[in-house]
Structures are given as structure tokens and as C-alpha cells.
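# Secondary and tertiary structure notes
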Amino acid sequence: MKTMQTKFKWFWPWQDDKEEAWLEQMSASGANLHSVGLMGIYTFDKGEPRTYTYRLDYMRLDKNKRADYLQIFQDAGWEYIGEMSNWQYWRKPVADGERAEIFTDNQSKIQKYRRILVFMGFFLLLLMFLGANMFFNTSDITSVSSAIELIYFIGQLLYAIIIPIYIVVVVKLALRINKLKKTAL
Amino acid sequence: MERLPYVRLGQLRSKTQRVLKLEMAMVQPNEEQAEILKYLPLTESTYYILLALVEPLHGYGVMQKVEALSHGTVKIGPGTLYGAFQALEKEALIVKVSEEERRKSYALTTKGRQVLKVQIEHLEIMTQNGLAILGSL
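As a convention, each chain's residues are numbered from 1 in the sequence order in which they are written. To label them, take the chains in the order written and letter them from A, then take the ligands in the order written and number them from 1. Reporting in this predicted model follows two pLDDT cut-offs: at least 70 for local features of residues, and 80 or more for side-chain atom pairs to be given and counted; totals over whole chains, interfaces and linings ignore these cut-offs and use all residues. Computation of side-chain values: all heavy atoms of the structure, hydrogens and water removed.

## Describing the environment of Asp75 of chain A
- Secondary structure elements are defined from DSSP: runs of H or I of at least 4 residues count as helices, runs of E of at least 2 residues count as strands, and each element is numbered from the N terminus. Along the polypeptide, Asp75 of chain A turns up in helix H2 (residues 63–75).
- Looking at Asp75 of chain A, the relative accessible area reads 19%, which means it is buried.
- Any two residues whose heavy atoms approach within 4.5 Å are treated as being in contact. In this structure, Asp75 of chain A is in contact with Tyr60 and Arg103 of chain B, ignoring residues within four places of it in sequence. Relative accessibility decides the category of a residue: with a 1.4 Å probe and only protein chains considered, values under 20% of the type maximum give buried, values over 50% give exposed, and everything between is partly exposed.

Shown next, in the form of C-alpha cells:
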């Protein structure tokens, strides 16, 4: 009989390789990834230990890209698990100790992290759009009710947390890209 | 002393002339040449992907052909290939020729073929230089 196990695990975009290693270990201990859900929710099949290579791609898949993208990977023997906020989860059984890769040169690995940065650019625009109201449109703050004032305060507090995190993520990704560039002579 | 048979002086001289001609062309390339040269040097993967696309092929066909052509020295993962297809199509070096059962096939465009040709010329000069210099050590 198959049993399922659900786990929550957060990871930062520059730690995707650690996530892959973790999924590999889970499979080695008999918990094979069954599906991925929203924001860090993983469901595992508890069963036989398996030797898999797990790989994560970052790709926004709209309707006309999707079929073509999945087909290329599946033709090359990769099994699609699912998508979690633009992260595409793939795995392939390790055959004869040979580990397959979805990205076979630094150029394409760099492109993957660039796609995350581009997405974060949109996110920044959204933050600025939402934040503009809170930070700059405060001329008549005394005339608004205290409830709205409280919401603004909570919003500002959130921004004080989100902006530094945002900066850290961008810097970490930039460092990651830089490291990949350096290894290419 | 061992001599490599293919490095003859006359041949080398004509190669040098070609390098010079090419360099002169590169100092002030016309618009058409600049359009080709901006893509060079191609990465090893891109070079082989373009080479494979002298005939229409879909993704997996390209992966297999590249591995065979390169005697297994170059393997192209699906993530790398998907990205390359997108970039090369955007630059009009390849074009989609058909779509069957969710598999798109691509082939070289005239521009793609030109880029490949100029890259091969550069590679040839590089190889000749390498053999001429290291071969005479």
C-alpha cells in the first residue's frame, strides 16, 4: 500500500542545487517526489528507495510554450513532476552511475538565473506601485481614520522587511551568475 | 624531427593572407558583415546545434545528432537546447519549419548558414595556427 507524505520546505532562488540534492536524498530514503504544490509544499510517495537526479528549471510557461517545452525534456528521458511558482521540477533515473543534466553549459545556467532576475524586476515594479501610495500619498494622513493609518503602518513595516530581503536575493543571484561567468574562460 | 605533413609554408602563407584579409574586414566591417560577426564566437553547443540544423530536425533529433557528430564530446541537455532554440529563432538564425505531435522542427536560415560559415573559417584559422605553432615546437 502506498502512503503519502507532505512536507513544507522553503528555499531561496540561489539554493536550487541544494533543493535538488535534498530531493535526491529523499528518494534514496524511499520518499519519491509525487507532486509539488504552492509555495514550498511537497508531496512524497513512501515506497522503494530510488536513485534519481532531480533538476529545477526556472521558466514561465504560457499556454503556447508549455507543450513544446515539456516535449523536449520528455523526449530526452526526463520525467515532469510539476511547477511551483515558475520552478519546473524534473527528474531522471541515474543509469550506470551516469548523471544527466538539463543544462550542459554555463551559458544556459546563467540564462536561468537571469530569468529569475527579470521576473524580480516585474516584482519590484509591483512593489513600487503598491508602495507609492503608502509612502508618498500621506499628505492628508491626519484626516483619514486610525484604521487606515494602522494598515499603512503595517504596510510600511512589511516593506521594511521585504526590501532588504529583495536586495539580498538580487545580490546573491548576481554573485551566482558571476561565479558561473568566471569558470568560463 | 617530426614534421606534420599538412603545414606547408605556401599553405601557411595563404592562410596568413586570409587572416590579414579577415582582420582588415574586421577593422571596418560593412553592415552585413557586422551583422554576422556580432554572433561570433559561437559556444560549442550553439555551433553544433546550428550544424545539426542543416536539415530540419526536432529537439531530440538535434540532441542525438550533436552527440553523434561530436563523438560524445558534446552533449546537449533539454534545458540548454530549449533556450538555444528560443534565442536562435529570435535572432532569425533558425526557423520553425513544421510542427508534428507537439514537436517543433527547425532548420537553418540563410543568415544562420552565413554565421556558421564564418565561424568555420575562424575555427580553421585557429586550428591551423595551433598546429603550425605547437606542431613545430
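Back to the text.
## Details of the interface of chain B and chain A
- Listed as interface residues are 20 residues of chain B and, on the opposing side, 21 residues of chain A.
- Here the quantity called buried area is the accessible surface, traced with a 1.4 Å probe, that two parts lose on coming together, added over both. Summed over both partners, the interface of chain B with chain A comes to about 1,700 Å²; 54% of that surface belongs to carbon and sulfur atoms.
- When residues of chain B are sorted by the area they lose upon contact with chain A, Pro78, Tyr82 and Arg102 of chain B head the list and together hold 39% of the total.
- Criterion for a salt bridge: a side-chain nitrogen of Lys or Arg within 4 Å of a carboxyl oxygen of Asp or Glu. Our enumeration of links across chain B and chain A arrives at three salt bridges.
- Of the charged contacts in the structure, one is a salt bridge between Asp68 of chain A and Lys104 of chain B, with a shortest N-O distance of 3.7 Å.
- As used in this structure description, the phrase polar contact means that two N or O atoms lie within 3.5 Å; if the pair is within protein, one of them must be able to donate a hydrogen and the other to accept it, and residues adjacent in sequence are counted only when both atoms belong to side chains. At the junction of chain B and chain A, the tally comes to ten residue pairs in polar contact (both at pLDDT 80 or more).
- Residue assignment for the side of chain B that touches chain A shows that the elements contributing at least two residues are helix H4 (59–69), helix H5 (78–90) and strand E3 (103–108) of chain B.
- Of all the elements, H5 of chain B adds the most residues to the side of chain B that touches chain A, at seven residues.

## Quick word on the sheet that holds strand E6 (residues 87–93) of chain A
All names here are of chain A.
- Across the sheet, three strands lie side by side as E4-E6-E5; this open sheet has antiparallel pairing. Edge positions in the open sheet fall to strand E4 (52–58) and strand E5 (79–84), since each of these has one partner strand only. Sheet twist, expressed as the mean angle between neighbouring strand axes with direction ignored, is 20 degrees.
- Whether two strands pair depends on DSSP finding at least two bridges between them. As paired strands, E5 and E6 are joined by five bridges and run antiparallel to one another. Along E6, the bridge assignment pairs Met84 with Trp87.
- Axis angles are defined between N-to-C directions and span 0 to 180 degrees, where every axis is a line fitted to C-alpha atoms and, for a helix, only to the segment in contact. On the sheet, helix H1 (residues 16–28) packs against E4 and E6 and is oriented at approximately 150 degrees with respect to E4.
- H2 rests against E4, E5 and E6 of the sheet, and its axis sits at about 25 degrees to E6.

## Side note on the side chain of Glu19 of chain A
- With respect to the helices and strands, the residue Glu19 of chain A is situated in helix H1.
- Contact partners of Glu19 of chain A, with chain neighbours within four places excluded, come to Lys9, Phe11, Tyr42 and Leu56 of chain A.

## Notes on unusual backbone geometry
All names here are of chain B.
- Each neighbour pair has its own omega, and for Leu40 with Pro41 the value is -5 degrees, a cis peptide bond.
- Within the fold, Pro41 resides in the loop between helix H2 (31–37) and helix H3 (44–52).
- Phi is positive for His71, close to 50 degrees, though the residue is something other than glycine.
- In this fold, His71 is placed in the loop between H4 and H5.
- With phi around 60 degrees, Ala92 is a residue other than glycine that occupies positive phi space.
- For Ala92, the position within the fold is in the loop between H5 and strand E2 (94–100).

## Topic: the pattern of salt bridges
- Under the counting rule described, the total for this entry stands at 17 salt bridges over all chains.
- Arg103 of chain B serves as the salt-bridge partner of Asp75 of chain A, at 2.7 Å between the closest nitrogen and oxygen. A residue pair is termed interchain when its members come from two chains, as with Asp75 of chain A in helix H2 and Arg103 of chain B in strand E3.
- Close ionic contact of Arg91 of chain A with Glu79 of chain A constitutes a salt bridge, the shortest N to O distance being 3.0 Å. You can see Arg91 of chain A sitting in strand E6 and its partner Glu79 of chain A sitting in strand E5, a full twelve residues away along the chain.

## Structural notes on the sheet that holds strand E2 (residues 31–36) of chain A
Residue and element names in this part refer to chain A.
- Read from one edge of the open sheet, three strands run E1-E3-E2, paired in antiparallel fashion. Of all strands in the sheet, those with a lone pairing partner are strand E1 (3–8) and E2, marking the two edges. Taking each pair of neighbouring strands and ignoring which way they run, the sheet shows an average axis angle of 35 degrees.
- In this structure, E2 lies alongside strand E3 (residues 41–46), joined through five bridges in antiparallel fashion. Note that in E3 the partner of Ser35 across the bridge is Thr43.
- Across the sheet, H1 lies against E1, E2 and E3, angled at about 25 degrees from E3, the strand it touches most.

Taken by themselves, the reported measurements are silent on function.
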